[in-house]
Amino acid sequence: MTSVPPDEPGSFASTLQPSRAHQRFALLILCILVLALALAIPFADVSLTGSEIWLPAYASAITVSDTITAALIFSAFSILRSRALLVLGIGYLFAAATTVPWALTFPGVFAADGLLGANLQSTAVVAAAKRVGFPLFVLCFVLLKDRPVPATARPRVVIWTSVAAVLAGVCALTWLAVDGGALLPRFMQGPQQVAALWTAVPVTAAVFCVAGIAVLAVRRKSVLDLWLLVVLAAWLIELFMLAFVSGGERFSLGWWAGRVYGLAAASVVLLVLLWETTTLHIRLAQAVAAEERTRTRQLSTMEALSASVAHEVNQPLSSMVTNADAGLRWLDRSEPNLSEASAAFGRIISDGHRAGQVITSIRSMFRKDTQEWAPVSVAGLIDEAVLLTQDEARFARVSVVTASSGDLPAVIGDRVRLQQVLVNLIANALDAMHAVNDRARLLNISAERDGGGDLIVAVADTGQGLDPQLDGTLFEPFTTTKPDGMGMGLLICRSIIEAHGGRLWAENHTPHGAVFRFALPASAQHQQATGSA
Amino acid sequence: MIPGPAIVYVVDDDASVRDSLSSLLRSVGLQVMAFARPADFVDADRPDLPGCLVLDVRLPGQSGLEFQRSLADWNVAMPIVFITGHGDIPMSVSAMKAGAIEFLTKPFRDQDLLDAVHKGIAGDAKRREETAVLADDQARYDRLTPREQEIMAQIVAGQLNKQIAADLAIAEVTVKAHRAQVMRKMKARSLPDLVRIADRLGDLRRKA
């Protein structure tokens, strides 16, 4: 069983391959950060007294930046359904949320001892949780990111649950930091000076960062991976500045430098994500417009075709009616004119043959010479059809699952026509799931052998199911449930499958949706059948 | 059903439709001339009989509706019955506005076509009759002397003999003589009859 997520090639920062320009830009940012570190080291312990008033501005900037980043990542998760992205989004939201109590409890900013009834340890406890928590979430993302994507139902519910859990967690943390009393670790020895115990925090966080950087350096695949690498590096530099260069002294130049570089790195990442998202949106809009144009073109071609078919059939039909009328009138005269009447009947016969020829030529459009038939692998056929429709599937937010049993025989047939059938059935299934919001949109395509040795291919959706009113007319011409449908698709599908000696039928699927199945004779039987025919 | 002989012209590019229409129309005693292209109809030597044109909307080279407009431009006042395989409402509306008698969608009921054709022929016969009367009037009018034409204009304008005589500075008795000549030459039975004839001629002059 293979699972094809509806997202394979790049449409998102988490799936897009980084280009050379991306890599160079990321490297440039890293160099600037390192250079800034080197420049700041000599002045690190200069104390900037009175700079407390800048802390709320810094905290708001970080909170907004991290919240937007989290929102962007959650929106990517809602489409791609990757758990790794969920974890990363939670990490960013956690970082954003902890900044709020951190700033509020900071001594000497909003109040001499901090708001919320903070004690000496409150701010440091919150800061420690953030310092260690964020790299931990990123590390989890890095470890999860290459796992296969399970079909997650209701991403929206998952996202809101996560958001609620993070906010609840941060509230609990704040309460603990304020009212924890003796339980709290003694990180600070004064409002500005850290205690020896604090060293454990940056060291632990640095270990997570280094681990994350190491794994990302090896398994870096996407634009998001690349920029997370930069974020972790910036985070590491910030830790280094805050904990070691500034000697733990709050509001020193080194302390502020760490803050500012961290903010700069976060902003760059946010800008890159926004830029990617906007570019991808433009590309998506263009692709949709292009697809729309193609559809309109196809539709008008079909309309022109059907108008021409209608004219071709109507012409002899009309002339038959008129000839029959004329014939009756010749016979009804007081002196029946038999030669005129028989001429009229003769014309009716030739008109009938002419109408028949029109029908034959239409039929031949949907049928191909069996001489060109070749062995076709059904598993390959399914993979190709899934590939051809993956853009539509992604756009419809449908997860596609394919399953074929191992030793499937090849069938003799027309590869292109069979492809057409599968693509048509897949497109129908995607359309049927358009209005589904309360359950997973799942398209299941499977192939197996039945007891008689025939190959059965099933296309099952979790959509609306078959309309009972259409029962029996599903495969007839001009039967359609789509506002702009021609009602020819299933008719053509069935005629192709029947031309291959097979059958196509549909039934409702439990608990939801419809399943279309077609049976094809396996190649050996097929050759026998055509040989005897 | 038709007083006197009449002819129906069928223009359709489809030979089998053309043959079936001809047969149907001949079966009720109509003369038929069938053409594949509008140009053939225009070039044909058509008999001088009341007639009707049965036209397919979809024609080679020129659509039936364009052809209808060309006929109007050439002053060919033949009634037209349209038949079409793909009639839509805007198309039939514009055809009817341009003077078509009927717009039939294939396949049509034979009686509908025959009714429309008979209506067309009757209309054409009436139009031809009116044209003939008018031509007679014109010929008679042309035979009047300039002085008689002058006096006729005054009579129909409601002038009395005395006024005409004063106006033209001639004797009233001379006016009376001219007036009698005008009534005789124009075959007018009464003064109102003469006024009607003058009206018809006036219409003709305005149209020209």
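Every chain begins its residue count from 1, and numbering advances along the sequence as written. By the order in which they are written, chains take letters starting at A while ligands take numbers starting at 1. Only residues with pLDDT of at least 70 get local features here, since the model is predicted, and only at 80 or more are side-chain atom pairs given and counted; chain-wide, interface and lining totals rely on the full set of residues. Side-chain calculation: all heavy atoms of the structure are included, whereas hydrogens and water are not.

**Student:** I'd like to hear about helix α1 (residues 15-27) of chain B, residue by residue, with values.
**Tutor:** Residues and elements named next belong to chain B. Over its 13 residues, α1 runs 18 Å from end to end, which matches the ideal 18 Å to within 8%, given 1.5 Å per residue. In terms of burial, α1 is a largely internal element, 10 of the 13 residues being buried. Residue burial is assigned from relative accessible area. The probe radius is 1.4 Å, only protein chains are included, and a residue is buried under 20% of its type maximum, exposed over 50%, and partly exposed in between. Helix numbers and strand numbers start at the N terminus; a helix is a DSSP run of H or I with at least 4 residues, a strand a run of E with at least 2. Turning to α1, its buried residues are Ser16, Val17, Arg18, Ser20, Leu21, Ser22, Ser23, Leu24, Leu25 and Ser27. Once α1 finishes, Gly29 follows within two positions and takes phi at roughly 90°, a positive value. Multiply 1.5 Å by the residue count of a helix minus one, and that product is the helix's expected span.

**Student:** Could you give me a rundown of the interface of chain A and chain B, with the residues and numbers involved?
**Tutor:** Any two residues whose heavy atoms approach within 4.5 Å at even a single point are treated as in contact. On the chain B side, the residues contacting the 18 residues of chain A number 23 residues. Here the quantity called buried area is the total loss of accessible area, with a 1.4 Å probe, experienced by two parts when brought into contact, counted for both. Of the roughly 1,700 Å² buried where chain A meets chain B, counting both sides, 46% is carbon and sulfur surface. It is A:Gln315, A:Thr322 and A:Arg329 in chain A that bury the most area against chain B; as a group they hold 31% of the surface buried on that side. Note on definitions: salt bridges are taken to be side-chain nitrogens of Lys or Arg within 4 Å of carboxyl oxygens of Asp or Glu. On inspection of chain A and its partner chain B, the count reaches three salt bridges.

**Student:** Describe the pattern of salt bridges, listing the residues and the values that go with them.
**Tutor:** Pairing between side chains of opposite charge can happen when their charged atoms approach one another. Under the counting rule described, the total for this entry stands at 22 salt bridges over all chains. Here B:Arg37 makes a salt bridge to B:Asp40, at a shortest N to O gap of 3.0 Å. Take B:Arg37: its relative accessible area is 44%, and that puts it in the partly exposed class. Owing to a relative accessible area of 26%, B:Asp40 belongs among the partly exposed residues under this scheme. A salt bridge links B:Arg128 to B:Asp48; the nearest nitrogen and oxygen atoms lie 2.6 Å apart. Residue B:Arg128 is located in helix α5 (residues 110-143), and its partner B:Asp48 is located in the loop between α2 (38-43) and β3 (51-56); the two are separated by 80 residues in the primary sequence. Its relative accessible area of 65% is what places B:Asp48 among the exposed residues. Three or more residues are tied together by salt bridges with common partners; here these are A:Arg131, A:Glu238 and A:Arg259.

**Student:** Mind laying out the packing of aromatic side chains, listing which residues take part and the relevant values?
**Tutor:** We call Phe, Tyr and Trp rings a pair once their centres come within 6.5 Å, taking the six-membered ring for Trp, and we label the pair stacked below 30 degrees between planes, edge-to-face above 60, and tilted otherwise. Inspection of the entire model under this criterion finds 12 aromatic pairs over all chains. Note on A:Phe25 and A:Trp227: the rings are 5.6 Å apart at their centroids and 65° apart in plane angle, and the pair reads as edge-to-face. Pair noted here: A:Phe25 is in helix α1 (residues 20-40) and A:Trp227 is in helix α7 (residues 223-245), with a separation of 202 residues, a long-range link. Between A:Tyr58 and A:Trp102 the ring centres are 6.0 Å apart and the planes differ by 70°, which places this aromatic pair in the edge-to-face class. Note that A:Tyr58 is positioned in helix α2 (residues 55-80) and A:Trp102 in helix α3 (residues 83-105), a separation of 44 residues in sequence. The rule is short: NZ of Lys or CZ of Arg within 6 Å of the ring centre and within 35 degrees of the ring normal puts a charge over the ring. Lying across the ring of A:Trp235, A:Arg131 places its NZ or CZ 5.0 Å from the centre. Directly above the aromatic system of B:Phe41 lies the positively charged group of B:Arg46, at a separation of 4.6 Å from the ring centroid.

**Student:** I'd like a description of the nonpolar core, backed by residues and values.
**Tutor:** Residues and elements named next belong to chain A. Formed by 82 residues in total, the largest nonpolar core has its most connected members in Leu55, Tyr92, Trp102 and Trp227. Ranked by residue count, the leading element in this core is α7, at 15 residues. What Leu55 contacts, discounting residues up to four positions off in sequence, is Trp102, Ala103, Phe106, Val109, Phe251, Trp255 and Trp256. Nonpolar core, defined: a set of buried Ala, Val, Leu, Ile, Met, Phe, Trp, Tyr and Cys residues in which side-chain atoms within 4.5 Å join the residues together. Counting residues in each nonpolar core, the second largest holds 39 residues, with Val386, Val398, Leu422 and Leu504 among its members.

**Student:** Pulling in residues and values, what's your account of the confidence of the model for chain B?
**Tutor:** Values of pLDDT, ranging from 0 to 100, describe the predictor's confidence in every residue of the model. Summing up the model confidence of chain B, the mean pLDDT is 85 and the portion of residues at 70 or higher is 92%. Per the prediction output, this complex has pTM 0.48; the corresponding ipTM is 0.72.

**Student:** A description of the confidence of the model for chain A should follow, citing residues and the corresponding values.
**Tutor:** All names here are of chain A. Scored by pLDDT, chain A comes out at a mean of 80, with 85% of its residues at no less than 70. Per-element mean pLDDT across chain A ranges from 40 in strand β1 (residues 2-4) up to 91 in strand β6 (residues 455-460). Every residue in residues 1-10 scores below 50 in pLDDT, and together they form 25 contacts with partners more than four places removed in sequence or on other chains. This model gives residues 524-533 a pLDDT under 50, and the stretch forms nine contacts once residues within four places in sequence are excluded.

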